[in-house]
Amino acid sequence: MGIRLKKILKRTGILVILLFIALLGYVVYVFAAYDRLPDKLTMEVKRNGGSSHFEGREEYSTQRPYFIMTYNIGFGAYRPDFSFFMDGGKSSWGRDEESVTAAVCGAGEIISSVDPDFVLLQEVDRDGTRSYHIDELELLNQFAKGYYYTYAQNYDSPFLFFPPWEPHGANKAGLVTYSKAQITDTMRRSLPISESFSKLVDLDRCYSISRIPLKEGKMLCLYNMHMSAYGSSDEIRAGQLAMLCEDMESDYREGNYVICGGDFNHNLRTGVEENAPEWAYPFPRESLPEGFRMAIDEAKDVEDIAHNSCRNANEPYNEETTYTVTLDGFIISDNVIVNYYSHMDWGYEFSDHDPVIMQFMLE
């Protein structure tokens with residue numbers, strides 16, 4: 001073997017060893033940085049500005065109807081031309097800072113135009129590589145003046161180097177609940193997640209509870225939920241739903257009114273869909289405790305829910321070919337009456353989800 005070849009092999013061996021050490025160091029860093037927030041945390045309630053156009057209506061009661069909206073804004077990345085790498089698409093980040101800002105502001109304008117009493121938002125980035133470190137809550141607050149709000153972190157990742165062509169990076173995101181009525185009691189519940197390597201894509205999965213006092217002495221209890229989407233077993237999904245149902249049932253037994261909204265990552269429609277992807281699991285209605293039901297089942301007109309609330313992000317949105325499904329909606333207790341229920345059709349302009357709204361009254 002020639003001297004030159006020996007040198008090449010030696011250098012190659014050193015390079016392989018260095019790469020292995022770097023990879024090992026990175027794995028150690030990722031697992032060392034992994035840390036979940038403790039369960040049953042009290043969330044801070046803030047007021048977005050002082051007075052508002054709904055001042056004087058803050059003490060809510062059973063005497064009038066209210067509107068609530070749920071909307072997964074997809075951290076501002078999911079414009080119609082966006083496809084996500086974990087769904088089989090290409091991208092990990094929003095197209096650019098301007099596109100992310102426009103998407104979040106578009107979602108804010110929808111909130112402003114509908115002017116609901118309550119808003120439940122998911123995938124709101126506070127500081128993320130994927131969203132160019134834009135504080136999306138700060139952007140949204142420009143459109144939700146006067147609301148009380150809470151923020152519950154459910155994602156806080158170390159720097160992730162996948163996919164290699166556009167590393168997902170370090171990201172912090174969460175759930176935002178807006179309320180025109182004052183929120184007096186809050187809690188963040190940490191959901192069970194996988195203990196395998198897949199926990200690195202689930203991280204701080206949680207739901208939030210915001211309780212609002214009513215004139216009659218009871219509470220309106222708003223649950224903001226975003227269930228696991230990736231790497232979840234049937235056991236994890238069942239565990240998450242069991243925890244949620246236990247808390248909702250406890251509030252209901254105390255005579256309170258319960259509305260749980262969000263992205264359930266389950267197909268909320270009844271009936272078996274042909275050619276549905278594996279991840280579009282039907283929601284197990286039989287798991288709901290006595291006294292609870294799916295609000296979508298009480299839509300007055302089938303046309304109001306004809307549009308699905310979510311598109312598959314394996315490709316840019318194509319009305320003809322892209323698979324769509326309803327993952328977003330509300331679970332309600334029996335003392336909540338549905339007056340109106342609708343899937344808003346924005347053509348997935350600002351997210352891979354579109355908003356769901358409901359008008360309700362309290363018995």
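Everything quoted here is computed from the prediction, not taken from an experiment.

(A) Seen up close, the overall build of the chain. In terms of regular secondary structure, the chain is built from five helices and 15 strands. The C-alpha atoms of the chain give a radius of gyration of 22 Å, which matches the 21 Å a tight globule of 363 residues would have. Over its C-alpha atoms, taken along the principal directions, the chain stretches across nearly 90 × 45 × 40 Å. Put simply, 75% of the contacts in the chain that link residues at least 6 apart link residues at least 24 apart. Looking at the chain as shown, the accessible area adds up to about 16,200 Å², and 54% of this sits on carbon and sulfur atoms. Considering the chain, the positive charge centre built from 33 side chains and the negative charge centre built from 55 side chains are found 9 Å apart.

(B) Representation of the side chain of serine 92 in the model. Along the polypeptide, serine 92 turns up in the loop between strand 2 (66–72) and helix 2 (97–114). Within polar-contact distance, the side chain of serine 92 engages the side chain of histidine 168 at 2.6 Å. Not counting the four nearest positions on each side in its chain, serine 92 is found in contact with Phe75, Phe82, Phe84, Phe85, Arg130, Pro163, Glu166, Pro167 and His168.

(C) Region of interest: the packing of aromatic side chains. Scanning all chains against the criterion turns up 22 aromatic pairs. For the pair phenylalanine 159 and phenylalanine 161, a centre-to-centre distance of 4.8 Å together with 55° between the ring planes defines the contact as tilted. Since its relative accessible area comes to 27%, phenylalanine 159 is described here as partly exposed. On the numbers, 6.1 Å between centres and 45° between planes, the contact of tryptophan 346 with phenylalanine 350 is tilted. Of the residues examined, tryptophan 346 reaches a relative accessible area of 37% and is grouped as partly exposed. When its relative accessible area of 13% is taken as the criterion, phenylalanine 350 is described as buried. Site record: aromatic cluster; members linked through ring pairs are Phe75, Tyr78, Phe82, Phe84, Phe85 and Phe162. In this structure, arginine 47 is placed above the aromatic ring of tyrosine 148, and the distance from its NZ or CZ to the ring centre is 4.3 Å.

(D) The arrangement of the nonpolar core in detail. Membership of the largest hydrophobic core comes to 47 residues, with the highest contact counts inside it found for Leu220, Leu244, Ile259, Phe330, Ile331, Met358 and Phe360. Other than its neighbours up to four places away in sequence, phenylalanine 360 contacts Arg64, Pro65, Tyr66, Phe67, Ile68, Phe118, Leu220, Ile259, Val336, Ile337 and Asn339. Ranked by size, the runner-up nonpolar core spans 25 residues in total, among them Ala107, Ile111, Val124 and Ala144.

(E) Main features of helix 2. With 18 residues, helix 2 should cover 26 Å at 1.5 Å per step; its first-to-last C-alpha distance of 26 Å lies within 8% of that length. All of the buried residues along helix 2 are Ser99, Val100, Ala103, Val104, Cys105, Gly106, Ala107, Gly108, Ile110 and Ile111. Against the buried residues of helix 2 lie strand 2, strand 3 (118–128) and helix 3 (136–140). Between a side-chain oxygen at the N-terminus of helix 2 and the backbone nitrogen of glutamate 98 the separation is 3.2 Å; the capping residue is aspartate 96. Within two residues after helix 2, aspartate 115 carries a phi angle of roughly 55°, on the positive side.

(F) Representation of the sheet that holds strand 7 (residues 206–213). Read across the sheet, six strands follow the order 6-7-8-9-13-10 without closing on themselves; strand pairing throughout is mixed. The open sheet has two free edges, formed respectively by strand 6 (185–190) and strand 10 (292–294), since each of these has just one partner strand. Between one strand axis and the next, the sheet turns through 20° on average, direction left out of account. Bridge analysis of strand 10 against strand 13 (residues 328–333) gives three bridges, and the strand direction is antiparallel. Opposite methionine 294, over in strand 13, you have isoleucine 331 as the bridge partner. Along the sheet face, helix 5 (residues 234–253) touches strand 6, strand 7, strand 8 (219–226), strand 9 (257–263), strand 10 and strand 13 and points at about 175° away from the line of strand 8.

(G) Spatial organisation of the sheet that holds strand 1 (residues 46–47). The mixed open sheet is built from seven strands, whose spatial order is 1-4-5-3-2-15-14. With partners counted over all chains shown, the strands left at the sheet margins are strand 1 and strand 14 (336–343), one partner each. Examined bridge by bridge, strand 1 and strand 4 (residues 148–156) share two bridges and lie antiparallel to one another. Across the sheet, residue arginine 47 finds its bridge partner in strand 4, namely tyrosine 148. Sitting on the sheet, helix 2 touches strand 2, strand 3 and strand 15 (356–362), and the angle it makes with strand 2 is about 170°.

Conventions used here
Residues numbered from 1 in each chain as written. Predicted model: local features only at pLDDT ≥ 70, side-chain atom pairs only at ≥ 80, totals over all residues. Heavy atoms only, no water. Helix = DSSP H or I, 4+ residues; strand = E, 2+ residues; numbered from the N terminus. Rg over C-alpha atoms; globule rule 2.2 N^0.38 Å. Contact = heavy atoms within 4.5 Å. Areas by Shrake-Rupley, 256 points an atom, 1.4 Å probe, with all protein chains shown as cover. Lys, Arg positive; Asp, Glu negative; His and termini not counted. Charge placed at Lys NZ, Arg CZ, Asp CG, Glu CD. Polar contact = N/O pair within 3.5 Å; in protein donor to acceptor, adjacent residues only side chain to side chain. Phe/Tyr/Trp six-rings, centres within 6.5 Å; stacked < 30°, edge-to-face > 60°. Buried < 20%, exposed > 50% of the residue type's maximum accessible area, 1.4 Å probe, protein only. Lys NZ or Arg CZ within 6 Å of the ring centre and 35° of its normal. Core = buried A, V, L, I, M, F, W, Y, C linked by side-chain atoms within 4.5 Å. Expected span 1.5 Å × (residues − 1). Pairing = 2+ DSSP bridges. Axes fitted to C-alpha atoms, helices over the stretch in contact; angles between N-to-C directions.

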